[in-house]
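# Structural description and commentary
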Amino acid sequence: MNELLHYINSYREEDDNLDVLEEVVRRTLFDWIENPDLLGLESDEMQAYILEQLADARQQEIEDHD
């Protein structure tokens with residue numbers, strides 16, 4: 001789990017607000033609870049997963065403010 005949190009921090013962008021980061025952590029924790037095999041992903045797969053979650057949370061934030 002620490003590795004997932006590390007990737008979230010590593011791939012966050014300067015303009016990501018707290019809501020976006022909290023959403024990614026929430027999604028990641030939920031996914032981990034539902035599918036513990038998530039922690040068995042290879043490093044590149046884990047990075048791709050986090051990048052996808054960040055992109056989705058950013059898009060949701062944009063849509064929520066429109």
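Below is a summary of the structure that appears in this document. (Residues numbered from 1 in each chain as written. Predicted model: local features only at pLDDT ≥ 70, side-chain atom pairs only at ≥ 80, totals over all residues. Heavy atoms only, no water.)

What follows is about a negative patch on the surface. Together, Asp19, Glu22, Glu63, Asp64 and Asp66 give the surface a local cluster of negative charge. Secondary structure elements with two or more residues in the negative patch: α2 (18-34) and α3 (43-64). Structurally, Glu63 is set in helix α3. (Patch = residues over 30% accessible without salt bridge, like charges linked within 9 Å, V, L, I, M, F, W, Y side chains within 5 Å. Areas by Shrake-Rupley, 256 points an atom, 1.4 Å probe, with all protein chains shown as cover. Salt bridge = Lys/Arg side-chain N within 4 Å of Asp/Glu carboxyl O. Lys, Arg positive; Asp, Glu negative; His and termini not counted. Charge placed at Lys NZ, Arg CZ, Asp CG, Glu CD. Helix = DSSP H or I, 4+ residues; strand = E, 2+ residues; numbered from the N terminus.)

Once that is clear, we can look at α3. Here α3 spans 31 Å end to end across 22 residues, near enough to the 32 Å set by a 1.5 Å rise per residue. Among the residues of α3, those classed as buried are Met46, Tyr49, Ile50, Gln53, Leu54, Ala57, Arg58 and Glu61. Buried residues in α3, looked at end-on, bunch into an arc of 165 degrees, giving them a common side. In α3, the exposed positions that point more than 90 degrees away from the buried face belong to Asp44 and Glu63. Along its buried surface, α3 packs onto α1 (2-11) and α2. (Expected span 1.5 Å × (residues − 1). Buried < 20%, exposed > 50% of the residue type's maximum accessible area, 1.4 Å probe, protein only. Arc of directions from axis to C-beta. Contact = heavy atoms within 4.5 Å.)

Turning our attention to a nonpolar patch on the surface. A contiguous nonpolar patch, built from Leu29, Trp32, Ile33 and Leu39 and spanning about 340 Å² of accessible area, is present on the exposed surface. Checked against the element boundaries, Trp32 lands in helix α2. For Trp32, a relative accessible area of 31% corresponds to the partly exposed category.

Residues Leu4, Tyr7, Ile8, Val20, Leu21, Val24, Leu38, Met46, Tyr49, Ile50, Leu54 and Ala57 constitute the largest nonpolar core, which totals 12 residues. Listed by contribution, the elements that provide at least two residues to this core are α1, α2 and α3. Broken down by element, the residue count for this core peaks at 5 residues, all from α3. Among all residues touching Tyr49, those that are not within four sequence positions of it are Leu4, Arg27, Thr28, Asp31, Leu38 and Leu41. (Core = buried A, V, L, I, M, F, W, Y, C linked by side-chain atoms within 4.5 Å.)

Working note: α-helix, 3.6 residues per turn, so residues spaced by three or four point in the same direction. For α2, built from 17 residues, the straight-helix expectation of 24 Å at 1.5 Å per residue is met to within 8% by its first-to-last C-alpha distance of 24 Å. Within the sequence span of α2, burial applies to Val20, Leu21, Glu23, Val24, Arg27 and Thr28. Looking straight down α2, one finds its buried side chains confined to an arc of 160 degrees; they lie on one side. Turned more than 90 degrees from where α2 packs its buried face, Leu18 and Ile33 sit exposed. Measuring from the backbone nitrogen of Asp19 back to the side-chain oxygen at the start of α2 gives 3.0 Å, which picks out Asn17 as the cap. (Polar contact = N/O pair within 3.5 Å; in protein donor to acceptor, adjacent residues only side chain to side chain.)

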